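Structure at a glance
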Amino acid sequence: MSRLANRIAIVTGAGQGIGRGIARRFAAEGATVVIADRDPVTAERTRAEIAAAGGQVWAITTDVADKAQVDAMVAATADRYGRIDILVNNAAIALLYEPFFEISEESWRRMIDVNLSGAFWCSQAAARHMATRKQGWIVNIGSVNSFHPEAQVAHYAASKGGIVL
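About the criteria used
- Residues numbered from 1 in each chain as written.
- Predicted model: local features only at pLDDT ≥ 70, side-chain atom pairs only at ≥ 80, totals over all residues.
- Heavy atoms only, no water.
- Helix = DSSP H or I, 4+ residues; strand = E, 2+ residues; numbered from the N terminus.
- Rg over C-alpha atoms; globule rule 2.2 N^0.38 Å.
- Buried < 20%, exposed > 50% of the residue type's maximum accessible area, 1.4 Å probe, protein only.
- Contact = heavy atoms within 4.5 Å.
- Areas by Shrake-Rupley, 256 points an atom, 1.4 Å probe, with all protein chains shown as cover.
- Lys, Arg positive; Asp, Glu negative; His and termini not counted.
- Charge placed at Lys NZ, Arg CZ, Asp CG, Glu CD.
- Pairing = 2+ DSSP bridges.
- Axes fitted to C-alpha atoms, helices over the stretch in contact; angles between N-to-C directions.
- Expected span 1.5 Å × (residues − 1).
- Arc of directions from axis to C-beta.
- Core = buried A, V, L, I, M, F, W, Y, C linked by side-chain atoms within 4.5 Å.
- Salt bridge = Lys/Arg side-chain N within 4 Å of Asp/Glu carboxyl O.
- Phe/Tyr/Trp six-rings, centres within 6.5 Å; stacked < 30°, edge-to-face > 60°.

On to the overall build of the protein chain. Scanning the protein chain from N- to C-terminus turns up 5 helices and 5 strands. For the protein chain, the succession of helices and strands along the chain, N to C, is β-α-β-α-β-α-β-α-β-α. Here the protein chain has a C-alpha radius of gyration of 16 Å; the compact-globule value for 165 residues is 15 Å, and the two agree. Along the three orthogonal principal directions, the C-alpha set of the protein chain runs to about 50 × 35 × 25 Å. Expressed as a percentage of its 165 residues, the buried residues of the protein chain come to 44%. Taking the intrachain contacts of the protein chain between residues at least 6 apart in sequence as the baseline, contacts between residues at least 24 apart amount to 65%. For the protein chain, the exposed surface amounts to about 8,600 Å²; the carbon and sulfur share of it is 54%. Side-chain charges of the protein chain comprise 17 positive and 16 negative groups, with the mean position of each set lying 11 Å from the other.

Here the focus is the sheet that holds strand β5 (residues 137–140). With parallel pairing, 5 strands are arranged side by side in an open sheet as β3-β2-β1-β4-β5. The sheet is open, and its two edges are formed by β3 (57–61) and β5, each paired on a single side. Ignoring which end each strand starts from, the neighbouring axes of this sheet average 15° apart. Pairing of strand β1 (residues 8–12) with strand β2 (residues 32–37), which is carried by 5 bridges, proceeds in the parallel orientation. In the sheet register, Val 11 faces β2, and the bridge partner there is Ile 35. Docked against the sheet, helix α1 (residues 17–28) engages β1, β2 and β4 (86–89), running at close to 170° with respect to β1.

So, on to helix α3 (residues 67–81). The terminal C-alpha atoms of α3 lie 21 Å apart, and with 15 residues this matches the ideal 21 Å at 1.5 Å per residue to within 8%. Restricting attention to buried positions, one finds in α3 the residues Val 70, Met 73, Val 74, Thr 77 and Ala 78. Within α3, the buried residues cover an arc of 130° as seen down the axis, which keeps them to one side. Turned more than 90 degrees off the buried face of α3, the exposed positions are Ala 68 and Asp 79. Buried residues along α3 sit in contact with β1, β2, β3 and α4 (105–133).

One finds Ile 10, Met 73, Val 74 and Ile 84 to be the most contacted residues of the largest nonpolar core, which totals 22 residues. Of all elements in the fold, only β2, β3, α3 and α4 reach the threshold of two or more residues within this core. Broken down by element, this core gets its largest block of residues, 6 residues, from α4. Residues in contact with Ile 84, not counting those within four places in the same chain, are Ile 8, Ile 10, Val 74, Thr 77, Ala 78, Ala 126, His 129, Met 130 and Arg 133.

Here the focus is the pattern of salt bridges. For the structure shown, the criterion picks out 11 salt bridges. When the shortest N-O distance is used, the salt bridge between Arg 3 and Glu 29 registers 3.2 Å. In this pair, Arg 3 sits in the segment before β1 while Glu 29 sits in the loop between α1 and β2, placing the two residues 26 residues apart along the sequence. Arg 3 sits in the exposed class, given a relative accessible area of 62%.

Given two aromatic rings, one states the distance between the centres and the angle between the planes to describe the pair. Taken as a whole, this structure holds 3 aromatic pairs when the rule is applied. Ring geometry for Trp 58 versus Tyr 81: centroids 6.4 Å apart, planes at 70°, classification edge-to-face. Here the residue Trp 58 occupies a position in strand β3, and Tyr 81 occupies one in helix α3, the gap between them amounting to 23 residues. For Tyr 81, a relative accessible area of 23% gives the class partly exposed.

Take a look at the structure:
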């Protein structure tokens, strides 16, 4: 029996990278995986790979920085599958190397909006559904930069540190 059989798992940022790997592994372990990614092309590629391997999967275009899109994605998942068992907050903007004194307001806000607020919006929306069943798991993907920030990534370290604490 698979470890995640009959589980409904949302993985944000699952179109590529770590999120893609998580989604593929969850599906291999028996979970039905919802790929929530802002890029419909990469989301569809990951969905097709999982489906071709026999996994249960659905992709929905979602920008986690947009609370309305997150709420719609979570509601659509709950409507489609009847529940949400697992949320993996993986979606993030990669390191944008900028000297501390040169980080623009736009760059700061986008980093915080995606990496920190996105995880919060997804957790809040999914937890509402999990709370009704008194069961669920939320996994936040952090970074070593949360504890040991590198020079020129203050905004990334702050955004990832916020989800670890």
